[in-house]
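# Chains, contacts and geometry: an overview
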Amino acid sequence: MKLAVLLFLTLASGYAASDKPKLPPELQDIGIQQKLNSPVPLDAVFRDEDAREVRLGSYFGQRPLLLALVYYRCPMLCSQILSGVVSGLRPLRLTAGKDFDVLAVSFDPEDTPQTAREKRDEYTRRYRRGMQGWHFLTGDQESIHALTEAVGFHYRFDQKSNMFLHASGVMILTPAGRVARYFYGVEYEPKDLKLGLIEASGNRIGSPVDQVLLFCYHYDPATGKYGAAVMNLLRATAALVLAAMIAILTILWRRDIRRDRQQLREARYP
């Protein structure tokens with residue numbers, strides 16, 4: 001039994017430690033590649049909440065920025081990302097518009113300034129300190145591509161579900177327009193955001209962090225429901241590990257039976 005447990009733990013830890021676990025086909029080439037110190041395209045043109053054309057560089061120069069790449073019609077994950085930003089920033093003494101800015105940019109060229117304005121109103125209401133320093137932009141595919149490539153944000157539109165598949169996370173940018181830090185997931189610790197913003201305000205670049213990715217939920221037309229693609233991967237992994245453990249235990253159980261029978265025969269017929 002001890003041998004079985006040891007083999008099981010070795011198998012499980014070996015799978016978990018794999019550098020490149022096999023992802024479902026719909027999630028291939030999707031993720032956030034850390035490009036610390038990479039410059040963002042300051043000349044890229046977007047539209048603000050009032051449909052005015054703005055250069056990305058117009059938001060830089062004075063304060064660090066928290067960048068959230070989302071799309072405004074996202075049914076699940078993007079709302080969680082923006083809610084996590086609000087929850088992480090609200091306890092801070094640092095104030096948006098004074099100590100830093102929040103820049104949400106849609107990577108869906110179909111999003112409009114109207115939807116951007118609605119999102120800005122929703123999340124600044126939750127922030128409870130006014131709209132100053134919060135910017136929600138939309139743009140064409142060329143500008144979107146320039147920005148997402150600069151920060152290593154890789155996503156894909158899924159025709160089957162009519163949704164974008166993407167990873168979850170936000171970036172901290174320096175006043176000079178360079179990538180200083182990455183935060184993954186949908187919840188961001190206030191102390192981590194504070195440290196990242198303070199360091200970025202001095203144009204300091206942080207260190208690489210572990211990539212913990214959370215992907216948009218995938219729509220299954222067979223069931224008409226949304227399900228987490230990553231959860232499907234975890235379920236498959238658990239099933240494989242369980243099957244391996246059962247196989248190992250079965251082999252050891254049969255070996256023990258043969259050994260006991262052999263010892264019994266030797267005891268009867270010495």
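Just above sits the structure.
Residues numbered from 1 in each chain as written. Predicted model: local features only at pLDDT ≥ 70, side-chain atom pairs only at ≥ 80, totals over all residues. Heavy atoms only, no water.

### A look at the side chain of D158
- Checked against the element boundaries, D158 lands in strand β8 (residues 156–158).
- At 4.2 Å, R156 is the nearest oppositely charged side chain to D158, a buried residue that forms no salt bridge.
- Polar contacts involving the side chain of D158 include one to the side chain of S161, which spans 2.7 Å. (Helix = DSSP H or I, 4+ residues; strand = E, 2+ residues; numbered from the N terminus. Buried < 20%, exposed > 50% of the residue type's maximum accessible area, 1.4 Å probe, protein only. Lys, Arg positive; Asp, Glu negative; His and termini not counted. Salt bridge = Lys/Arg side-chain N within 4 Å of Asp/Glu carboxyl O. Polar contact = N/O pair within 3.5 Å; in protein donor to acceptor, adjacent residues only side chain to side chain.)

### Some details on unusual backbone geometry
- Positioned with a positive phi, N37 is a non-glycine residue whose angle comes to about 75 degrees.
- A positive phi is found at R128, a non-glycine position, where the angle reads about 70 degrees.
- By relative accessible area, which is 66% here, R128 ends up exposed.

### Comments concerning the pattern of salt bridges
- Across all of its chains, the model carries 8 salt bridges by this definition.
- A salt bridge links R120 to D121, with the nearest nitrogen and oxygen atoms 3.2 Å apart.
- Classification of D121 as partly exposed rests on a relative accessible area of 26%.
- Linked by salt bridges that have partners in common, D48, D50 and R52 make up one network.

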